[in-house]
Each structure stands twice: as structure tokens, then as C-alpha cells.
Amino acid sequence: MGFLSFGGRGLHVTQGRGVPKIRYLASRPCPGAAVSAPPSRLSSPGGVDSPVGIGSIELSQASPSRKAAHFMSWTLKVISNGAEVASHRLDPDATLTLGRGTTRDIVINDRSVSREHCKVSVTPQGVLLEDLGAANGLTVHGQRLPRVVLGDGDACQLGMVTVVARKTASNHTGMIPLVGLMESLSGDESSSGGAQEGFPSLSSSSGGGSAGRPQSLAGLDATAISTTKSEFATLEKERLATLVATGKSLGQSTDLDELLPRIMDHLFEILPVRRAVIALVGEDGKVEAKAVRPEADTAELSSVASLSIIEQVVESGEGSIIQDAALDQKLRGSQSIVISNIRAAICVPIVANNRSLGAVYCDYPGRARLYTESDLDFLTAFASIAGVSVQNARMMQRLRNDEKLQRDLEIAAEIQQGLLPNTAFSFPGLEIDWAYWPSLHVGGDFYDVTELPDGRIAFTLGDVSGKSIPAALYMARTLSFLRATVTRENSPGEVLQRTNRLLDRPSERVIFATTFLMFVDPKTGDVEWCNAGHNPALVRRPGYDEPLMLEALAPPLGMFPDQEFPTRHLKLEPDTIVTLYTDGLPEARDVEGRPFSLDRVSKIVDEHGTSPIAEGTRALLTALETHIVKSPYLRDDVAILNIRYLSVDPSGPE
């Protein structure tokens, strides 16, 4: 996640599985850092190149060969239907699990992928995939393998999904030089300024220390840091220990509401602070104070944050020290600064993956010239570690929200499917078949078949603009109004006109429903129909080369409340087929962007004109599925109603 320099040496901060990791680099220079102290040694039971573990935090000295590994990284790309749908950066020190389950490290939402499909790790040879007993396993060149090592550009099939390994150069995101910390390492005490009058020295081990704050690195389990140079001042050693302890502490929380107070607790331990704000950038891009201490100053500190310092730091991505706000030309005009008697203040950005997530702001009313460059460097390092945890907490919250949304969508899909007919229709003189294929869990297409009091059969098929939940809700309204009016009005035009008026409600959103409605008398073949902005119905008549197209006669429902909807008449001959469909059928695009087309729909209907009506419906769906294989284009909802008019003996029983 970043690089923290300590005078030619440094801490390399990376993100492990849910927690930040800190790796000590014994001889890596940081750009802009003056090397004024000789390299230190980091001792551990395993030798020079062994990591020293503190819970989930790792502190180690990197050899030249291991340092080179930090310059390269691996990315696992997920390909579905010929298009890249996700990309995952792989931590060289982590072993991840991949699968459909939402608790996996790498989640692939595809039914052909098992909930726990495989392990993913980085080896010197490449990206290692290990099958965890998945139904579709790991397949390379048609051969199923228990373990696969992917080199740069190599691919592996996981059911209907392909993963491709890519090797890329590291961009060193979040590199933070800690030049100020060298002041103590080089023996220059003049600018460290950590213990001024009224404040105990941060390096003091007596009095007022928090029980949760480490007093020296020697007190940490499994960690032994020996220094052979007197330039390592106690303050800097303790600050290094504090960073390690902070990473361990913050990494234990994945709930943002729990994490922010914990960050605030550490903040008040490490710097002379009387008031503090943790502000985060919201989804709308606005900076908002999420934690304020003391809480009694919430209104005042929130005003300071919104009017001046924090927004500047978030925008620039650089920390700032205010030695005396009363003398700062940029801040003297801020009324909130004057009223709050702010003199000394310090503010640094919270950064993760090269993106500002927010800022940490601290001040001390009434005191000037309190904070030093060393304090700024230290607080920047602290905020960088906090940024990893904030990002993790937000990701976990999104996962929890996604899981809840997934459950809600599944329930909504069950409710919607309960609104639509789900049985075979059987009426003397008619052969009927239907199909419904939503593009998401829920959709806006609808269909219905209703027997009217006079013995005629009403066929309804429509499509609501938009997708997902809004379209499904509008569909439910439209279908309920149609069902309420279809048995009360005399013609399709009157039904649609009454429904259109019921749908008329002022809204800022443009949403409407294209609808085709027809009444068929199975005894005589007489048809009344009306098309409100919908695709033309196809009427295949025996003895005709071209189908009859029943085009739109009026705009869709829900657009103009006073719109009139005319009714037209048609006489069906025996063995005539009427095909109603939504635009998701002819407009579905293949991998090259070519539509399925209305001509192809008509051709398939004609080819199966003498077959059972259900075979014609299946032929349309099979051809559509083949057409969209590997297509990167989003498919729309599809609904089909196929009706064949049969010859009825008028003298026979009804």
C-alpha cells in the first residue's frame, strides 16, 4: 500500500487478507530522504531475511532478491462471455480462495463456478490455482487438472468463466517519504519538538501511558530489535512500535462504525491533541466528518472541516501543518477559525490505492507552533495504515450490502414470477405456448392470458422501460390495472385507455409500458387488437409468403394521460399463428454486435408452422441462446406468447 522511509531505510506497507502488513526494508533508499545514519540491523530468530510477526503484522528485513519481487505484481483477470468483467491484484504473501460464495476472497458471480472453487497464490513460477473439489474444476486446453501454474498471459477455464494471469510492474502506490523522522536519527533534536512545555515526551515510559500503547519494541511478542547506533532516539523507536501496534489493532476491525473510534483512540495517544476530526469522502464526493472528539465540539469542528483545512488536504492529497492560524494569510478570513481560537493544527490525507478516502485533522486551541515536520511524517504514516483499514471496512460493508441485496432480489424474483401465469393454457380452438426469460433477477416484461365473460380470450404482452427493481414495480402496477379493467371494458382500446389513465401520476422519472392486447373468439376466429407502442405482432397465415404485421397504433402506456387507443379487427383462418414478443428477442446482439433481427424471428416461426406450437417457442429460444454465446452485450428481458388458431366444428360441443 505504501513505503515509509526512515532515513534510507523504510517500512513497506502492504495489504494482506483484511489487515495491513508492514515489511521493514533495511537498505532501500526513499526518494527525497537524506541518508544520515548507517543501515540498522533487524534481528529475529530466523535470521536476516526472516519476517518478525506481531499477530497479523509482519516486520522483516528484505534481501536484494526479495526487494526485487516488490517491483513486480500479478493480476488475475476474469473473462466472461468474451469480455473482462473483473480484475484482482494478487498479494505475493497471501493465499486466497476463489468462488461464487460471497465470503470468498475473490468472488465470481457465475453459476458455473462453485461456491469454493479453488485456492489462488503467487509462486516464483507464476499464479498457482489449486482445485478445492469444484464441480467444473480447473481446465486448461480441454484437460482437467488438480493444480495449475499460470504464467504471464496463461488462461484457465472455470466452468463458463476464464481467468487469465498478467504480470505487471508495481506502481509503488502510496509512497510516503518520512523525511522528518530523520531529524532524531541524525541527532538533531532542535526540530523534533515532541515534548514541549505542558506535554509529556512521547518517549517517556512513566506516567499517563495508555495500557494499550507499547512503550518499547522490546516488549512486543516474537520481536527483537537491536540498535547499534546511538542516533536511534527513543521517540523514533517508540513511534515505529506504535505504527506496528496500530496496524495490528486496526486490522482487527472490519466494521467502519467500530473502526473510526479505534483510530481516534490511537490518534490521541500518539500526538498532543485536544480536538480531532476524521472526515471521509462519501459516494457523492462530499467530505463529511464521521468522527469528532470531543463530541461536544461536533458542530464547531464540522464547520472547520467543511470550510477550510480538511477539504484542501483531501483535494491536494498532501498533509499540512498550521503553525499559527491567526497569522496564516489563507485562513485569517475564515470566521470558524477565528471563533474556534485555532492556532496550531495538523491535517493529513487518508489514502489507499492512490485515492484520497478522507483526512485526519487535529488541533490545539490557544497554542501555536506546536507540530513539527517529524509529527507530520509520523501522522502521515499513521493515516496510511488507517487508510488500509478504512478501505477494508468499506469493502466488507459493500459485501454485506450486496449479500442483502442478493437475498432481496431473489425474494423479489419469486414475488414477480408469482404475478405472471406459470401454467399451461388450454382453451378449445386455440393452441397456446409461452416463455419468459428475464435478463436480471427481476425484469419489466409481462404477459397474461384471461378468459372473458363472453367466452373470448384476452392475450396481453408488454415491456416496461428500464430494468431491475424499478421496472418490476412499474410492471406490477401496469399488470394489476390491466387485469382489473380487461373484464369490464368491451374492447382492447378501451382497456388500454382506462389503464393509461390509472397509471397517470406525476413523476420526475420517464417510465412507460409498451403493450399489445388482443381479444380472440375461439369459435369464429374474430380478433380485436390494439398495439400501444409495442413491437409488431407477427401473424403467419397459411398460403401467404410474408407475415402480417400488427404495428403500433398509439404511444406506450403512461406517457400521455388523455391519449386515445384505437381498436382494430382481424379474421383468423384455421392454422394461423400469432406471435407476440418483447424487444429482447429481435434486438439481442451476438459477439460482433449483430442483432437477432425480426426477419430471423419470422423465419423460425415459418419453419415450424406445422409443428406443435411449443416446438416453435423452443426453436426461438434455442436460436437466441446460440446467437448470444460469448456476447459482451447486456441482454434484455425476453417474453414470448405463441397462439395458433385451430378449426372448430360449430356444431360440436363447446
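Counting of residues starts from 1 at the beginning of each chain's written sequence and follows it residue by residue. Whole-chain, interface and lining totals are the exception, using all residues; otherwise, since this is a predicted model, local features are given only for residues with pLDDT of at least 70 and side-chain atom pairs are given and counted only at 80 or more. Only hydrogens and water are set aside when side-chain values are computed; all heavy atoms of the structure are taken into account.

Undergrad: How would you explain the environment of proline 146 if you had to name every residue and give the values?
TA: Counting through the fold element by element, proline 146 comes out in the loop between strand E13 (143–145) and strand E14 (147–150). Judged by its relative accessible area of 57%, proline 146 falls in the exposed class. Every helix listed is a DSSP run of H or I at least four residues long, and every strand listed is a run of E at least two residues long, numbered separately from the N terminus. For each residue, the accessible area found with a 1.4 Å probe, counting protein chains only, is set against the maximum for its type, and the residue is called buried under 20%, exposed over 50%, and partly exposed in between.

Undergrad: Outline the sheet that holds strand E21 (residues 344–352), supporting the account with residue identities and numerical values.
TA: Taken in spatial order, the 5 strands line up as E19-E18-E22-E21-E20 in an open sheet, and their pairing is antiparallel. The open sheet is flanked by strand E19 (287–293) and strand E20 (320–322), the only strands paired with a single partner. The average undirected angle you get between the axes of adjacent strands in this sheet is 20 degrees. Paired strands, as defined in this entry, are two strands with at least two bridges between them according to DSSP. Across 6 bridges, strand E18 (residues 275–281) lies against E19 in antiparallel orientation. Within E19, the position partnered with valine 281 by the bridge is valine 287. Orientation is described by lines fitted to C-alpha atoms, with helices fitted over the stretch in contact, and by angles between N-to-C directions that extend from 0 to 180 degrees.

Undergrad: Describe the sheet that holds strand E28 (residues 526–532), naming the residues involved and giving the relevant values.
TA: Pairing is antiparallel in the open sheet, where 5 strands are placed in the order E25-E26-E27-E28-E31. Across the chains shown, the open sheet's two edge strands, defined by having one partner strand only, are strand E25 (445–451) and strand E31 (568–571). Here the strands of the sheet are splayed against their neighbours by 15 degrees on average, with no regard to which way each runs. Across 8 bridges, strand E26 (residues 457–464) lies against strand E27 (residues 513–520) in antiparallel orientation. Within E27, the position partnered with aspartate 463 by the bridge is threonine 514.

Undergrad: Tell me what's going on with the confidence of the model for the chain, and back it up with residues and numbers.
TA: For every residue, the predictor reports its confidence as pLDDT, a number between 0 and 100. Chain-level pLDDT for the chain is 75 on average; 68% of the residues reach the 70-or-more range. Here residues 12–71 is a poorly scored stretch, pLDDT under 50, and it has 166 contacts once near neighbours within four places are set aside; other chains count. By definition, residues are in contact when any of their heavy atoms lie within 4.5 Å.

Undergrad: For unusual backbone geometry, give the residues involved together with the corresponding values.
TA: Positioned with a positive phi, aspartate 575 is a non-glycine residue whose angle comes to about 70 degrees. Look at lysine 630: it is not a glycine, yet its phi comes out positive at around 65 degrees. Mapping lysine 630 onto the fold places it in the loop between helix H12 (613–627) and strand E33 (638–645).

Undergrad: Explain the packing of aromatic side chains to me, using residue names and the numbers behind them.
TA: Here a Phe, Tyr or Trp ring, Trp counted by its six-membered ring, pairs with any other such ring whose centre lies within 6.5 Å, and the pair is stacked when the planes are under 30 degrees apart, edge-to-face when over 60, and tilted otherwise. What the rule picks out here adds up to 3 aromatic pairs. Judged by centre distance (6.2 Å) and plane angle (50 degrees), the rings of tyrosine 436 and tyrosine 447 are tilted. Of this pair, tyrosine 436 sits in strand E24 (residues 430–437) while tyrosine 447 sits in strand E25, and the two are 11 residues apart along the sequence. By the burial criterion, tyrosine 436 is buried, and tyrosine 447 matches it. Judged by centre distance (5.9 Å) and plane angle (10 degrees), the rings of phenylalanine 516 and tryptophan 529 are stacked. Linking phenylalanine 516 in strand E27 with tryptophan 529 in strand E28, this pair joins segments that are 13 residues apart in sequence. Take phenylalanine 516 and tryptophan 529: they sit in the same class, and that class is buried. Aromatic rings pair up to connect Trp434, Tyr436 and Tyr447 into one cluster. Lying over the aromatic face of phenylalanine 268, arginine 293 brings its terminal NZ or CZ to 5.8 Å of the ring centre. When the NZ atom of lysine or the CZ atom of arginine is within 6 Å of a ring's centre and also within 35 degrees of its normal, the charge is said to sit over that ring.

Undergrad: Tell me about H12, residues and numbers included.
TA: For a helix, the expected span equals 1.5 Å multiplied by the number of residues minus one. Given a rise of 1.5 Å per residue, 15 residues ought to cover 21 Å, and the 22 Å separating the end C-alpha atoms of H12 matches this to within 8%. Looking only at H12, the buried set comprises Ile613, Gly616, Thr617, Ala619, Leu620, Ala623, Leu624 and His627. Along the axis of H12, the buried residues cluster in a sector spanning 160 degrees; they form a single face. For H12, the exposed residues lying more than 90 degrees away from the buried face are Arg618 and Thr626. Each element contacted by the buried residues of H12 is listed here: E24, strand E32 (576–581), helix H11 (598–607) and E33. In this description, the arc belongs to the directions extending from the helix axis to the C-beta atoms.

Undergrad: Explain the pattern of salt bridges to me, and be specific about the residues and the numbers.
TA: Any Lys or Arg side-chain nitrogen located within 4 Å of an Asp or Glu carboxyl oxygen qualifies as a salt bridge. Considering all chains together, one arrives at 17 salt bridges under this definition. Put simply, aspartate 265 and arginine 293 hold a salt bridge, and the shortest N to O gap is 2.7 Å. Taken together, the residues span a long stretch of sequence, with aspartate 265 in helix H4 (residues 256–270) and arginine 293 in strand E19 at a distance of 28 residues. Residue aspartate 265 is classed as partly exposed on the basis of its relative accessible area, which comes to 37%. We note a salt bridge from aspartate 363 to arginine 275, for which the minimum N-O separation is 3.0 Å. In this pair, aspartate 363 is assigned in strand E22 (residues 355–364) and arginine 275 in strand E18, connecting sequence segments 88 residues apart. For aspartate 363, a relative accessible area of 0% gives the class buried. Among the charged side chains, a network of salt bridges with common partners joins Asp454, Arg456 and Glu528.

Undergrad: Let's hear about the pairing of E32: which residues, and what values?
TA: Buried residues dominate E32, accounting for 6 of its 6 residues. Alternating positions in E32 separate into two faces, Thr576, Val578 and Leu580 on one and Ile577, Thr579 and Tyr581 on the other, with burial throughout. Bridging between strand E29 (residues 537–540) and E32 involves 3 bridges; their strand directions are antiparallel. In the strand pairing of E32, valine 539 is matched with valine 578.

Undergrad: Kindly report on the pairing of strand E10 (residues 118–123), identifying the contributing residues and their values.
TA: With 3 bridges joining them, strand E8 (residues 96–99) and E10 adopt antiparallel strand pairing. Each bridged residue has a counterpart across the sheet, and for threonine 97 the counterpart in E10 is lysine 119. Here E10 pairs with strand E11 (residues 126–131) via 6 bridges, running antiparallel. Residue pairing in the sheet places valine 122 in a bridge with valine 127 of E11. Between the end of E10 and the start of E11, which pair antiparallel, lie 2 residues.

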